[in-house]
Amino acid sequence: MKTIIHNSWQEILQSEFEKPYYQELREFLKKEYATQKIHPDMYHIFEALELTPYEDVKVVILGQDPYHGINQAHGLSFSVQPGVKIPPSLQNIYKELQADLGIPPVHHGYLTSWAKQGVLLLNTVLTVREGQAYSHRGHGWERLTDTIIEKLNERTEPIVFILWGKPAQEKEKMIDTSKHMIIKSPHPSPLSAHRGFFGSRPFSKTNAALESFGEKPIDWRLPDTV
């Protein structure tokens, strides 16, 4: 079996990659990438796992599926590639970050510095057709990302799970809250942010939880340039 992820996740997920459902997903994706415009490009599908190895995960921010606009998605939930306009949900995340911790918004949406500090920026579905939100749901990705959450739940070191919106909160039942912490609110999308995302203070709550676990808090400040 060829290496899909170049760190500890490969061994952890190896048995999943060999299961019939994943083989079917792979065949589906081969056809999709050959005949449709799919995001992210195939070399960045597992970018979240590549940048945040299993043993380094301190926080999980769970999104739904990748951005479906041109050049936006690069494998991290809520993040966009350098030079791409900041999407509305991420603008709202930046507004809450400023209200919560006084960190002013940057002029890009590239969140890799969070990923490198142990924030797993995972979507529940990892690919999408251009212009068709949630078009790859129901093809096997949810089963794989369920397994990722289950494997993280098994860890002895506690993790903070940030669950924004209903699709993310459906994974809540898989998390042992006697060990891990869940922070949840409505989604930061303009459609729902005013229903409780604004004012939810997820960043300060996450850092307070990490400090109570004896972990170093996340530096949520993003570099000015990328």
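Relevant structure appears above.
Residues numbered from 1 in each chain as written. Predicted model: local features only at pLDDT ≥ 70, side-chain atom pairs only at ≥ 80, totals over all residues. Heavy atoms only, no water.

### Side note on the packing of aromatic side chains
Taken as a whole, this structure holds ten aromatic pairs when the rule is applied. Counting every residue linked through ring pairs, the aromatic cluster contains Phe17, Tyr22, Phe46 and Trp141. (Phe/Tyr/Trp six-rings, centres within 6.5 Å; stacked < 30°, edge-to-face > 60°.)

### Observations regarding the packing of helix H2 (residues 20-35) against helix H6 (residues 141-153)
Packing of H2 against H6 leaves a shortest axis separation of 9 Å and a crossing angle of 130°. Comparing the axis directions of H2 and H6 gives the class oblique. In this structure, the crossing between H2 and H6 has a hand that is left-handed. The segment H2 lies against H6, with Tyr21, Tyr22, Leu25 and Leu29 engaging Trp141, Arg143 and Leu144. Partitioned by chemical class, the residues of the contact of H2 with H6 number six nonpolar, no polar and one charged. (Axes fitted to C-alpha atoms, helices over the stretch in contact; angles between N-to-C directions. Helix = DSSP H or I, 4+ residues; strand = E, 2+ residues; numbered from the N terminus. Parallel < 35°, antiparallel > 145°, perpendicular 65-115°, else oblique. Left-handed = near helix turned anticlockwise from the far one by under 90°. Contact = heavy atoms within 4.5 Å. Nonpolar A, V, L, I, M, F, W, Y, C, P; charged D, E, K, R; others polar.)

### Topic: the pattern of salt bridges
Scanning the model with the defined rule gives seven salt bridges in all. For the salt bridge of Lys30 with Glu27, the shortest nitrogen-to-oxygen distance reads 3.2 Å. Here the residue Lys30 and the residue Glu27 both occupy positions in helix H2, the gap between them amounting to three residues, near one helical turn. Residue class for Glu27 comes out partly exposed when judged on its relative accessible area of 39%. (Salt bridge = Lys/Arg side-chain N within 4 Å of Asp/Glu carboxyl O. Buried < 20%, exposed > 50% of the residue type's maximum accessible area, 1.4 Å probe, protein only.)

### With respect to the side chain of Ser79
Along the chain, the position of Ser79 falls in the loop between strand S2 (59-63) and helix H4 (88-101). Looking at Ser79, its side chain comes within polar contact range of the side chain of His74, at 2.7 Å. Separated by 2.9 Å, the side chain of Ser79 and the backbone nitrogen of Leu111 make a polar contact. Beyond its immediate chain neighbours, meaning those up to four positions away, Ser79 contacts Tyr67, Gln72, His74, Gly109, Tyr110 and Leu111. (Polar contact = N/O pair within 3.5 Å; in protein donor to acceptor, adjacent residues only side chain to side chain.)

### Some details on the pairing of strand S5 (residues 160-164)
Most of S5 sits inside the fold, with five of its five residues counted as buried. For S2 and S5, the ladder comprises four bridges, and the chain directions are parallel. By the bridge assignment, Val60 is partnered in S5 with Phe161. Looking at chain direction, S5 and strand S6 (residues 181-185) are connected through five bridges and run parallel. Within the sheet, the bridge partner assigned to Trp164 lies in S6 and is Ser185. (Pairing = 2+ DSSP bridges.)

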